[in-house]
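Spelled out, the chains give:
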Amino acid sequence: MGEDYSNLQKMYQQRFSQGQMNQDLKPNNPMRGPQLKSGCGIVVFLAVGIFVAAGIALFLFLNKGSFDSVKEKFEEITTEESEGPVKKVNSKNSLAGTLTNALILPGKDGKQRLYLMTYELKGTNYTYNTYIYEPYEKEIIKYTGIKSSAYPPPTNLIYAKGEIWKINNESGPNKPGVFTYNPETGEETMDTQGFSTRFAELNDGISKIYFYPTPPRMNIETTDGRKVLYDITNDALYPGDTEFRNTFKDKKNPITVFALGVENANESARKRLFLVTGPESSLWSRNVEEYYFTSSSTLKFMLNAESKVIAKGKVFLEGVMLYQDDDACFIFHQDKAGNNAERIISCIDKAGTILWTVSTESELSSKLRASDENSLSSMFFIKNNVHLTRSGNLVLFYYDKTGFIGFDFSTGKILFEDDINTD
């Protein structure tokens, strides 16, 4: 639908002219006979076409319901962007598309639900799918879809203040946006305009958003040139980063965080696990640079903090900290250096005890292995495509485009798993 018929007409004329020229080039071509024959054929063809079209029009006129059905189908295909459901999902096993986001939601009887986002490309249009999903029984509780001609925008999901927050970064024709949803029904409770009207500084509109997960906050640029910071946890807007960081400067209480560190700058693949203790004013972001550990004085000078090695004797090759909280941390690493290795997730507590591990050799998808055959499988590329979060006893690991796995925090046992995109 939506084809350029003038172009089709030109193509037809070119092909017809080319075919006629080929006929003319043949020896002993009887010019007049074929021309008259072709003319008669075209007349007959047009007459039949008009008759058929008239019959279809009469049928649709006499059957108004059929006309409405055709009209609705046409609009569904040709509408560039329409909000609301575009298809109905009844099957319990109907998750579809390329996975982009997964979030743990509170559930009944201690069994959490998931909020999932995928997309599908059909023709020239994308369908953005969102599901509220019961993963233990593989049941879709709620589904909505949005059709768009634009590639899905980069999106961040968090559960905060009893609601689902969806934060879209600017990407091509997609505008930055802030939305909230009811975790039970999936219904939208706030859109970007509603968020902007809550603060006078945002009334002229948002031009850019940069999201940071710990603590959850957004750096926002407005269409009239302002640069502000929104603290999601405390529902507060600050003039900038400095003013936000100043809210921590008087918090001298000591806190302890996990950190991966490089002891030798020339051996960047070899990472050890540290516990870092210092004032909250320095460690409020729970993030410590890996190279602060190459010198005993650097950590003290930069953060007024101290560290100790835990999980002694263990090196986490190419390690990446996926998640940490007050109980444990989760590290994604390899069994050997290089681009031909198994990948492992290790769950480690503050005593340095490795509580459990899972690997691409058994529990994790083989697509996550490091492979010489795929240059994009190196940790440099893949570390941004693997994600892990925890809520209570559920540890949710998901990998972009493909699927997700739920683990029991205490044992590492797989509670559920789904491969959505099997391409």
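Residues numbered from 1 in each chain as written. Predicted model: local features only at pLDDT ≥ 70, side-chain atom pairs only at ≥ 80, totals over all residues. Heavy atoms only, no water.

1. So, the environment of N253
Moving on, step 1. Within the secondary structure, N253 sits in the loop between helix 5 (241-245) and strand 13 (254-261).
Moving on, step 2. The partly exposed category is assigned to N253, whose relative accessible area is 36%.
Moving on, step 3. The contacts of N253, once residues within four sequence positions are left out, are G278, P279 and E280. (Helix = DSSP H or I, 4+ residues; strand = E, 2+ residues; numbered from the N terminus. Buried < 20%, exposed > 50% of the residue type's maximum accessible area, 1.4 Å probe, protein only. Contact = heavy atoms within 4.5 Å.)

2. Some details on the sheet that holds strand 21 (residues 394-399)
Moving on, step 1. The strand order across the open sheet formed by four strands is 20-21-22-23, and the pairing between neighbours is antiparallel. Of all strands in the sheet, those bounded by a partner on one side alone are strand 20 (386-391) and strand 23 (414-419). In this sheet, neighbouring strand axes are inclined to one another by 15 degrees on average, regardless of whether the strands run parallel or antiparallel.
Moving on, step 2. For strand 21 and strand 22 (residues 403-408), the ladder comprises six bridges, and the chain directions are antiparallel. The partner of Y398 across the bridge, within strand 22, is F404. (Pairing = 2+ DSSP bridges. Axes fitted to C-alpha atoms, helices over the stretch in contact; angles between N-to-C directions.)

3. Some thoughts on the pairing of strand 21
Moving on, step 1. The element strand 21 is largely enclosed, with a buried count of six among its six residues.
Moving on, step 2. Alternating residues of strand 21 divide into L394, L396 and Y398 and V395, F397 and Y399, and every residue in both groups is buried.
Moving on, step 3. Inspection of the sheet shows strand 20 paired to strand 21 by six bridges, in the antiparallel sense. Pairing of R390 across the sheet is with V395, part of strand 21.
Moving on, step 4. Hairpin remark: strand 20 followed by strand 21, antiparallel, with two residues in the connecting loop; positive phi at G392, about 65 degrees.

4. A word on the pairing of strand 18 (residues 343-349)
Moving on, step 1. The buried fraction of strand 18 amounts to seven of the seven residues, a majority that puts the element mostly inside the structure.
Moving on, step 2. In this structure, strand 17 (residues 328-334) lies alongside strand 18, joined through seven bridges in antiparallel fashion. The residue of strand 18 that forms the bridge with I331 is S346.
Moving on, step 3. The sheet contact formed by strand 18 and strand 19 (residues 354-359) spans five bridges and is antiparallel.

5. Some remarks on the nonpolar core
As a rule of thumb, nonpolar side chains are buried together in soluble globular proteins.
Moving on, step 1. Membership of the largest hydrophobic core comes to 21 residues, with the highest contact counts inside it found for F330, F332, I345, L364, F397 and F407.
Moving on, step 2. Those elements that provide at least two residues to this core are strand 16 (316-324), strand 17, strand 18, strand 19, helix 8 (379-382), strand 20, strand 21 and strand 22.
Moving on, step 3. Here F332 is in contact with E318, G319, V320, L322, R343, I344, I345, L364, M379, I382 and V386, once residues within four sequence places are set aside.
Moving on, step 4. Ranked by size, the runner-up nonpolar core spans 18 residues in total, among them A160, I167, V228 and I232. (Core = buried A, V, L, I, M, F, W, Y, C linked by side-chain atoms within 4.5 Å.)

6. Structural notes on the sheet that holds strand 3 (residues 125-134)
Moving on, step 1. An order of 1-2-3-4 is seen for the four strands of this open sheet, with the pairing classed as antiparallel. Unpaired on one side and paired on the other, strand 1 (98-105) and strand 4 (139-148) mark the two borders of the sheet. Here the average twist between neighbouring strands, direction ignored, is 15 degrees.
Moving on, step 2. As paired elements, strand 3 and strand 4 share nine bridges and run antiparallel to each other.

7. Concerning the environment of E134
Moving on, step 1. On the secondary structure map, E134 appears in strand 3.
Moving on, step 2. As for E134 and Q112, which are separated by 22 residues in sequence, their C-alpha atoms are 7.4 Å apart.
Moving on, step 3. Apart from residues no more than four positions distant in its own chain, E134 is found in contact with K111, Q112, E139 and I141.
Moving on, step 4. A polar atom in the side chain of E134 sits 3.3 Å from the backbone nitrogen of Y136. (Polar contact = N/O pair within 3.5 Å; in protein donor to acceptor, adjacent residues only side chain to side chain.)

8. Some words on the pattern of salt bridges
Moving on, step 1. If you walk through the whole model with that rule in mind, you get 12 salt bridges.
Moving on, step 2. A salt bridge links D224 to R226; the nearest nitrogen and oxygen atoms lie 3.7 Å apart.
Moving on, step 3. Relative accessible area serves as the criterion here: at 41%, R226 is assigned to the partly exposed category.
Moving on, step 4. Ionic pairing is found between R272 and E263, a salt bridge with its closest N-O pair at 2.6 Å.
Moving on, step 5. For E263, a relative accessible area of 40% gives the class partly exposed. (Salt bridge = Lys/Arg side-chain N within 4 Å of Asp/Glu carboxyl O.)

9. Quick look at the side chain of S148
Moving on, step 1. You can see S148 is positioned in strand 4.
Moving on, step 2. Looking at S148, the relative accessible area reads 3%, which means it is buried.
Moving on, step 3. Of note is the side chain of S148, whose polar atom sits 3.0 Å from the backbone nitrogen of A150.

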